[in-house]
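Understanding the architecture of this molecule
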Amino acid sequence: MQETPLSELIQQRIKKLDTLRSLGIEPYNGTFEPSHSSEQIHKEYGELEKEQFENQTIEVSIAGRIILLRDFGKAVFAHLQDSKGKIQIYLRKDILGDKFQLIKNLDIGDIIGVSGRLFRTKTNELTIEVHNFEFLSKSLRPLPEKWHGLKDIEARYRQRYVDLIVNPSVKETFVKRQQIIKSLRDFLEEEGFLEVETPMMHTIAGGARAKPFKTYHEALDMELFLRIAPELYLKRLLVGGFERVYEIGKNFRNEGISTKHNPEFTMIEFYVAYKDYNWLMSFTEKLLSYIVQKVCGSLQVKFGDYILDFTPPYKKISMYDALKERGVPENIFKDAELARKWALEKGIDIPKESSLSKVLDEIFKEVVEPQLIQPTFIIDYPVELSPLAKRKRDNPELVERFELFIAGREIANAFSELNDPIDQKERFLQQLEERLKGDEEVPELDEDFIRALEIGMPPAAGEGIGIDRLVMLLTDNQSIRDVILFPLLRPEQK
RNA sequence: GGGCCGUUAGCUCAGCUGGCAGAGCAGCUGACUCUUAAUCAGCGGGUCGGAGGUUCGAAUCCUCCACGGCUCACCA
């Protein structure tokens, strides 16, 4: 039988595993109590001079993965990597005695625990002179090359565990992701918000306009949808008397995959009773500048070719003024036909049967959005595009809504929440007509939500922020897959 | 879903207008007790993504398929 070369490499390692077992060593059974992490060692002893190590004995123990081996026959250097860094270890035959022979069975990728004494080498590198070591896990598969790492993008996503081992910046991204979410929670907690959990399985997929994933509950014999947004449940909590609530969690949308879209993505939505979108804009400025300062240590952040400046206040401009600013003639704002003609002349693709608002929205996406690099609030959208937002008090054709754009991307969407049950029901019914025309993205009428509004919801402002996109901005990643540990991919073919 | 590009050793990559499938790292054998991508000598390792086709001859040209990347569309 012909061996493939990979299994040849694996066989060689299994042989070493067998050798260890024949010597009474079980490389998968151990536990280990390290005295230090590599980070702690560098922090505590990184300043000490060579002589200072010679005058005293500093004993440490540490566990980690071998990521580099340099064998000199009777002495071996290796690099041990643990969760936050790495450190060099030095193994000598005259110190380890018989145990030194075991190193023949050591491979790059193995996880070991070592104990010994700190010193500095001739070239002044802080190193552990190993007095004892044990196998904690034998690696049977070779790791990628030490210098170039794992570059193949598909392999990096499919085998994120390998990516994390060999590409240190990946780890940093996900540590930063957690810091962003933590500082978000800290900020909201400080502001008196309650974190809640609402259902991810909905009988009606409402709160946004998107194609949902379908699933099925056997015992109740009932079709369910993975939620596309938590909005309608969080508003029910406002009705129930919570005044400041938020939820951080996954939303699921059965739509295309791109560098800006993953079918499951993380959102925060938060709601504040008795406030409106004006209050929310300055709140958003405070919240973002808090997070950015905390996580990046500065309000200026490099993203691709841009330096993004999160120093408040952010530019604020109405959707129509933004269009005007980009040279869109005012006379098309009231006339669907003129607007469509103008768009077509500019080569903007408009779906058939689009209303005036939709055409203007398309033009906006094409002409304005990519230009919004520094944080910018776009405010006052047409009512038709925003069925859950409150009408502007002085212009019922518009709603009190803003979207925050940064680096040409929509990062947040917020409005003064519509709490008039009659207006809300009318707008739902209006939408339903589109559903009857075959628009799958319009949800069914949520009668219970209307009932809740009829009980009475306080005036409130609410906002959603795409966490993945925010993480992209603050970690300088251009693809959403680089900020999601396991992005969705087709199954690997054998 | 459309367009463009990619897929060669475990990893990173060469391989020109068709003519014996290569390098570095990793691996194996040996030497070496302070290396920093250690060094030196030797060795093994390939269904060139898959299936067809053209040809005396295909990693290379053509067709289809799979997976991926970028991009457009949809969306956050």
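Residues numbered from 1 in each chain as written. Chains lettered and ligands numbered in written order. Predicted model: local features only at pLDDT ≥ 70, side-chain atom pairs only at ≥ 80, totals over all residues. Heavy atoms only, no water.

**Focus on the overall build of chain A**
In plain terms, the rule: Under the DSSP-based scheme used, a helix requires at least four consecutive residues in state H or I and a strand at least two consecutive residues in state E, with every element numbered from the N terminus. Working definition: with a 1.4 Å probe on protein chains only, accessible area under 20% of the residue-type maximum means buried, over 50% means exposed, and in between means partly exposed. Whether two residues touch is decided by their heavy atoms; if any such pair falls within 4.5 Å, the residues are in contact. The Shrake-Rupley method, run with a 1.4 Å probe sphere, supplies the accessible areas, and residue values consider only the shown protein chains as cover.
Of regular secondary structure, chain A possesses 15 helices and 19 strands. Across its three principal directions, the C-alpha atoms of chain A cover 90 × 55 × 50 Å. Expressed as a percentage of its 494 residues, the buried residues of chain A come to 48%. Restricting the contact set of chain A to residue pairs at least 6 apart, pairs at least 24 apart contribute 66%. Counting every atom, chain A has about 25,900 Å² of accessible surface; 50% of that belongs to carbon and sulfur.

**Describing the protein's contact with RNA strand B**
Here is the rule: The rule for a residue being near a molecule or strand is that one of its heavy atoms must lie within 4 Å of it. In protein, a polar contact means a hydrogen-donor-capable atom and an acceptor-capable atom, both N or O and within 3.5 Å, with residues adjacent in sequence counting only if both atoms are side-chain atoms; elsewhere, any N or O pair within 3.5 Å suffices. When residues are sorted by character, Ala, Val, Leu, Ile, Met, Phe, Trp, Tyr, Cys and Pro go into the nonpolar class, Asp, Glu, Lys and Arg into the charged class, and all the rest, Gly among them, into the polar class.
With respect to spatial proximity, 56 residues lie near RNA strand B, and among them Q12, R70, T123, H261 and R469 are the closest. Within 4 Å of the protein, the contacting atoms of RNA strand B are drawn from sugar and phosphate to the extent of 60%. In this structure, G73 approaches RNA strand B through a main-chain N or O atom, which is 3.2 Å from a base nitrogen. Looking at the surface near RNA strand B, the elements that each hand over two or more residues are helix 1 (5–22), strand 1 (59–71), strand 2 (75–82), strand 3 (85–92), helix 5 (153–158) and helix 12 (356–368). Ranked by the residues each element gives to the surface near RNA strand B, the list is headed by helix 1, at six residues. Counted by class, the surface near RNA strand B contains 17 nonpolar, 13 polar and 26 charged residues.

**Notes on the sheet that holds strand 1**
Defined as follows: Only when DSSP finds a minimum of two bridges between them are two strands counted as paired. Axes, fitted as lines to C-alpha atoms, cover a helix only where it is in contact. Angles between the N-to-C directions of the axes lie from 0 to 180 degrees.
Pairing is mixed in the closed barrel, where five strands are placed in the order 1-2-3-5-4. Strand-to-strand, the axes of this sheet are offset by a mean angle of 55 degrees, without reference to chain direction.

**Looking at helix 12**
Applicable threshold: Any helix carries an expected span of 1.5 Å times its number of residues minus one.
Look at helix 12: 17 Å from first C-alpha to last across 13 residues, which is about the 18 Å you get at 1.5 Å a residue. If you check which residues of helix 12 are buried, you get S357, V359, L360, D361, I363, F364, V367 and V368. Where helix 12 is buried, its residues contact helix 10 (319–325), helix 11 (336–345), strand 15 (376–382) and strand 17 (395–406).

**Some thoughts on the pattern of salt bridges**
Cut-off, in case you're wondering: Salt bridges, as used here, are contacts in which a Lys or Arg side-chain nitrogen is within 4 Å of a carboxyl oxygen on Asp or Glu.
Evaluation of the coordinates by the stated rule reveals 34 salt bridges. Salt bridges linked by common partners bring K16, D107, D110 and K138 together as one network.

**Some words on the domain arrangement of chain A**
Our working rule: Delimitation of the domains relies on an automatic or database domain assignment.
Entries for chain A in the domain assignment read domain 1 (6–143) and domain 2 (163–326 + 368–483). Using C-alpha coordinates to define each centre, domain 1 is positioned 48 Å away from domain 2.

**Thoughts on a negative patch on the surface**
The line we're drawing: Each patch is assembled from residues with relative accessible area greater than 30% and no salt bridge, linking like charges that lie within 9 Å and nonpolar side chains (Val, Leu, Ile, Met, Phe, Trp, Tyr) that lie within 5 Å. This count recognises Lys and Arg as positive and Asp and Glu as negative, with His and chain-terminal groups excluded. For charged residues, the charge sits on one atom: NZ in Lys, CZ in Arg, CG in Asp, CD in Glu.
A surface patch of negative charge is lined by E47, E49, E51 and E54. Mapped onto the elements, E47 comes out in the loop between helix 2 (38–45) and helix 3 (50–55). The class for E47 is exposed, based on a relative accessible area of 71%.

**Here's the deal with the confidence of the model for chain A**
For clarity, the threshold we go by: Residue-level confidence of the predictor is what pLDDT reports, using numbers from 0 through 100.
Looking at chain A as a whole, its pLDDT mean stands at 93, while 98% of the residues score no less than 70. Between the elements of chain A, mean pLDDT differs from a low of 84, seen in helix 11, to a high of 98, seen in strand 6 (residues 194–195). Scored as a complex, the prediction yields pTM 0.93 and ipTM 0.92.

**Some thoughts on the sheet that holds strand 9 (residues 222–226)**
Note: strands within a sheet are paired through backbone hydrogen bonds, in either parallel or antiparallel orientation. Spatially, the three strands line up as an open sheet ordered 7-9-8, and their pairing is antiparallel. The open sheet has two edge strands, strand 7 (201–202) and strand 8 (214–217), and neither has a second partner. Relative to strand 9, strand 7 is paired through two bridges, and the arrangement is antiparallel. In the strand pairing of strand 9, H202 is matched with F225.

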